[in-house]
Amino acid sequence: MALSNPVVAVVGATGAVGVEFLDCLEKRQFPMKELRLLASARSKGKTMTFKGEPIVVEELTESSFKSVDIALFSAGGSISKKFGPIAVQAGAIVVDNSSAFRMDPTVPLIVPEINPEKVKEHKGIIANPNCSTIIGITPLWPIHKVNRIKRLIASTYQAASGAGAAAMAELQESTRAHLEGKSYQQKVLPHPYAFNLFSHNSKIDPATGYNEEETKMLKETRKIFGDNDIRISATCVRVPVLRAHSEALTVECERTITPDEVRAILAKAPGVKIVDDVEKNYMPMPKDASGQGDILCGRIRRDSSDPSGKSFCMFVAGDQLLKGAALNAVQIAELLVK
Ligand code: A2P
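About the thresholds
- Residues numbered from 1 in each chain as written.
- Predicted model: local features only at pLDDT ≥ 70, side-chain atom pairs only at ≥ 80, totals over all residues.
- Heavy atoms only, no water.
- Pairing = 2+ DSSP bridges.
- Helix = DSSP H or I, 4+ residues; strand = E, 2+ residues; numbered from the N terminus.
- Salt bridge = Lys/Arg side-chain N within 4 Å of Asp/Glu carboxyl O.
- Buried < 20%, exposed > 50% of the residue type's maximum accessible area, 1.4 Å probe, protein only.
- Contact = heavy atoms within 4.5 Å.
- Axes fitted to C-alpha atoms, helices over the stretch in contact; angles between N-to-C directions.
- Near = heavy atom within 4 Å.
- Polar contact = N/O pair within 3.5 Å; in protein donor to acceptor, adjacent residues only side chain to side chain.
- Areas by Shrake-Rupley, 256 points an atom, 1.4 Å probe, with all protein chains shown as cover.
- Nonpolar A, V, L, I, M, F, W, Y, C, P; charged D, E, K, R; others polar.
- Core = buried A, V, L, I, M, F, W, Y, C linked by side-chain atoms within 4.5 Å.
- Lys, Arg positive; Asp, Glu negative; His and termini not counted.
- Expected span 1.5 Å × (residues − 1).
- Bend = angle between axes of the 7 residues up to and from the residue.

Novice: Explain the pairing of strand β9 (residues 149–158) to me, and be specific about the residues and the numbers.
Specialist: In this structure, β9 lies alongside strand β12 (residues 244–253), joined through 8 bridges in antiparallel fashion. Residue pairing for β12: Y157 is matched across the bridge by S246. As judged from the 8 bridges shared by β9 and strand β11 (residues 231–238), these two strands associate in the parallel manner. Considered in β11, the bridge of L152 is made with I232.

Novice: Requested: an account of the pattern of salt bridges, with residues and values cited.
Specialist: According to the stated counting rule, one finds 17 salt bridges in the structure shown. Measuring nitrogen to oxygen at the nearest pair gives 3.2 Å for the salt bridge that ties D276 to R263. You can see D276 sitting in the loop between β13 (272–274) and α8 (286–289) and its partner R263 sitting in helix α7 (residues 259–267), a full 13 residues away along the chain. For D276, a relative accessible area of 18% translates into the label buried. Take R263: its relative accessible area is 25%, and that puts it in the partly exposed class.

Novice: So what's going on with the sheet that holds strand β7 (residues 93–96)? Which residues, and what values?
Specialist: Two strands in a sheet stick together by hydrogen bonds in their backbones, pointing the same way (parallel) or opposite ways (antiparallel). Pairing within the open sheet is parallel, and its 6 strands lie in the order β5-β2-β1-β6-β7-β8. Of all the strands in the sheet, the pair left with one neighbour each is β5 (58–59) and β8 (125–127). One ladder, built from 4 bridges, connects strand β6 (residues 70–73) with β7; its direction is parallel. When the sheet's bridge partners are listed, L72 is paired in β7 with V95. On top of the sheet, helix α1 (residues 16–27) reaches β1 (7–11), β2 (34–39) and β6; it is set at about 155° to β1, its chief contact. Strands in contact with helix α2 (residues 77–89) are β1, β6, β7 and β8; relative to β6, the strand with the most contacts, it is inclined by about 175°.

Novice: Lay out the site of the ligand in plain terms, naming residues and giving numbers.
Specialist: In the neighbourhood of the ligand, 15 residues make up the surrounding shell, with T14, S40, R42, S43 and A165 lying closest. Between G15 and the ligand, the recorded distance is 3.0 Å, taken from a backbone N or O atom to an oxygen atom. Measuring from an oxygen atom of the ligand, one finds a side-chain N or O atom of S43 at 2.5 Å. Coverage of the ligand by the protein chains reaches 70% of its 570 Å² of free accessible surface. For the shell around the ligand, a count of residues per class yields 7 nonpolar, 7 polar and 1 charged.

Novice: If you had to explain the environment of E113 to someone new, which residues and values would you point to?
Specialist: Mapped onto the elements of the fold, E113 is located in the loop between β7 and β8. The class for E113 is buried, based on a relative accessible area of 17%. Setting aside residues up to four positions removed in sequence, E113 forms contacts with T138, W141, P270, G271, K323, N328 and Q331. Polar contacts involving the side chain of E113 include one to the side chain of Q331, which spans 3.3 Å.

Novice: I'd like a rundown of the nonpolar core, residues and numbers included.
Specialist: In a soluble, globular protein the nonpolar side chains are often hidden away together inside. Counting residues in each nonpolar core, the largest one holds 51 residues, and the members touching the most others are F65, L140, I143, F312 and M314. By size, the runner-up hydrophobic cluster in this structure holds 44 residues, among which are A13, A16, A326 and L336.

Novice: I'd like to hear about the side chain of E214, residue by residue, with values.
Specialist: The topology assignment puts E214 in helix α6 (residues 212–225). Although E214 is buried, it forms no salt bridge, and the closest oppositely charged side chain is R238 at an N-O distance of 11 Å. Of the polar contacts made by the side chain of E214, one reaches the backbone nitrogen of N211; its length is 2.9 Å. Excluding residues within four positions of it along the chain, E214 makes contact with G209, A234, T235 and C236.

Novice: How would you summarise α2 if you had to cite specific residues and measurements?
Specialist: An α-helix turns once every 3.6 residues. As a result, residues three or four positions apart point the same way. Look at α2: 18 Å from first C-alpha to last across 13 residues, which is about the 18 Å you get at 1.5 Å a residue. Taken as a whole, α2 carries its principal kink of about 35° at F83; the proline P85 stands between one and four residues after it. Among the residues making up α2, those that are buried are S80, F83, G84 and A87. Summarising the contacts, the buried residues of α2 are in contact with β6, β7 and β8. Looking one or two residues past α2, G91 carries a phi angle of roughly 105°, positive in sign.

Limitation: the analysis is restricted to geometry and does not speak to function.
Below, the structure is given as structure tokens:
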């Protein structure tokens, strides 16, 4: 049953994604009766602005969800694990941006351009996929629908925002220190970030050699596409960019496919924009992707390593905080109020 005029709570409102939740709810004129902002005790009493009006941030507690209809969570996995079920118990539907529930078979994992129908299956919690997964597969889905994707090789160039507001500040502060010739001791990320890049800062499984981010791209794509046979190998790397992820994708389809066919499919696809100006060598860049909801797609070309003509390469860039997190979650919430 569709909700009308819900009370919405944002958990982690003061964080990098939380701030974007407010912006998306405002810009998309999400219909609601009331907005409540929740964060840690550190932020209690702080004021944030929504539609020009101040809203005081409350401390997240077990009694925060009384009469809340929709709770948008982005305060980390442990907070989701603890407070998600409490919110559901209080009667709220949780849209969770963490990885806590994504692979739970009873929890729908949704990209609204791909599998919106799954929203009906929720039992209180709906998971928002990993940002690299969303940004990579939103443009691949319309291709998969007409010519099944058998295999995907993805290399990511991931922004600081995926590690939260403190990591974004660390990138800025360490860059400033580097330019001023000062030493800088990083506090959030495991390696120096200014003028550097490093393998994604999630744990590597010694059995497979893949880190958690790479494994998420494999498992989540299979779940969202409803295709357990798609073969995926990812290499995830953190680069010194503030808020948009880029990805180099090599895609093998079941049948032959030309770059023109890929362009024609993407030209009509929701949530994507082709940026592929060969003459000017103007291609998707995180600078252009930042602040917009569409995934930019370019460098669309044949995969020269596959003479069968069934493979193509593409480079994409998408705002990690928007389509990779807040926007996708708000789009999921919109499915609940329709
Ligand atoms: P706070 O700003 O009060 O620390 P980011 O992903 O940018 O690091 O943001 C994390 C978000 O999660 C922030 O809004 C942060 O609030 C919130 N958060 C972190 N720990 C807790 C907690 N123990 N209880 C409630 N909110 C938390």
